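In case you want the letters, here they are:
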Amino acid sequence: WSSDVCSSDLDFSGIANTAKVINVYLNNVSTNGANHYLIQLGTSGGIVSSGYVSTASYITTGTGKAGSTSGVLLLTPGAASNISGVIQFFLTDASNNVWQASGLSLHSGDAGVVQSTGVIQLAAAPDRLRLTTIGGVDVFDAGKVSIAYG
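Cut-offs used in this document
- Residues numbered from 1 in each chain as written.
- Predicted model: local features only at pLDDT ≥ 70, side-chain atom pairs only at ≥ 80, totals over all residues.
- Heavy atoms only, no water.
- Phe/Tyr/Trp six-rings, centres within 6.5 Å; stacked < 30°, edge-to-face > 60°.
- Helix = DSSP H or I, 4+ residues; strand = E, 2+ residues; numbered from the N terminus.
- Buried < 20%, exposed > 50% of the residue type's maximum accessible area, 1.4 Å probe, protein only.
- Core = buried A, V, L, I, M, F, W, Y, C linked by side-chain atoms within 4.5 Å.
- Contact = heavy atoms within 4.5 Å.

**As for the packing of aromatic side chains**
Alright, step 1. Taken as a whole, this structure holds one aromatic pair when the rule is applied.
Alright, step 2. Summarising the aromatic geometry, the rings of Tyr37 and Phe140 are spaced 5.3 Å apart at their centres and angled 70 degrees between planes, so their arrangement reads as edge-to-face. With a gap of 103 residues between them, Tyr37 in strand β4 (residues 37-43) and Phe140 in strand β13 (residues 140-149) connect regions that are remote in the sequence. The same class applies to Tyr37 and to Phe140, which are both buried.

**A few points about the nonpolar core**
Alright, step 1. Grouped together as the largest cluster of nonpolar side chains are 26 residues, with contacts concentrated most on Val24, Ile39, Leu41, Ile87, Phe89 and Leu129.
Alright, step 2. If you list the elements that add at least two residues to this core, you get β2 (10-13), β3 (21-31), β4, β8 (72-74), β9 (83-93), β10 (98-107), β12 (128-133) and β13.
Alright, step 3. When residues of this core are assigned to their parent elements, the largest contribution, four residues, is made by β3.
Alright, step 4. Those residues within four positions of Val24 in sequence are excluded, and the remaining contacts are Ile39, Gly85, Val86, Ile87, Phe89, Leu129, Val145, Ser146 and Ile147.
Alright, step 5. Counting residues in each nonpolar core, the second largest holds six residues, with Ala56, Tyr58, Leu75 and Val114 among its members.

Structural data, given as C-alpha cells:
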C-alpha cells in the first residue's frame, strides 16, 4: 500500500493478522509544521495511541533525543526538511502481541540522521497503521509513504 501525502493522518489498513514484519517506507515526506512524526499500530478496535515505549535520537552537528508513549517517534527539524527512511516493526512475542520497532531516516535539510526505536504490546494482531504528528495537527504536504508486510 502507498499513499501520496495530503492530510494530517496517513492511515493504512488491511494488514494480515499473520504478519510478523511490517515495513514503513518514507520518501521525501514533509509537513507544514514542526511537530515530530509518530507511527502508530492499530487493531480492529482502532489505532493504539498510548502504551508505547519509544525514543529517537537525532544525529547531526548538534545531537538531540526525545521519547514518546504515543507512538514510535521520528524526530524532525521542521517544515523545511523532508524525511526519507525505513521503520520496521517486528513481532517479537507472538503469544503477547509484542511488537518492536527500529529504523533510520535521513533529513534532507541538514543531512541529519534519526535513529528510532520502540516497543508496544497490543491486545490483538495489528491490522492497521497510522503516520501522524505529535498533536495530529500538522498536514503532510509532500512525499510518499508506503508499507509492506510479511
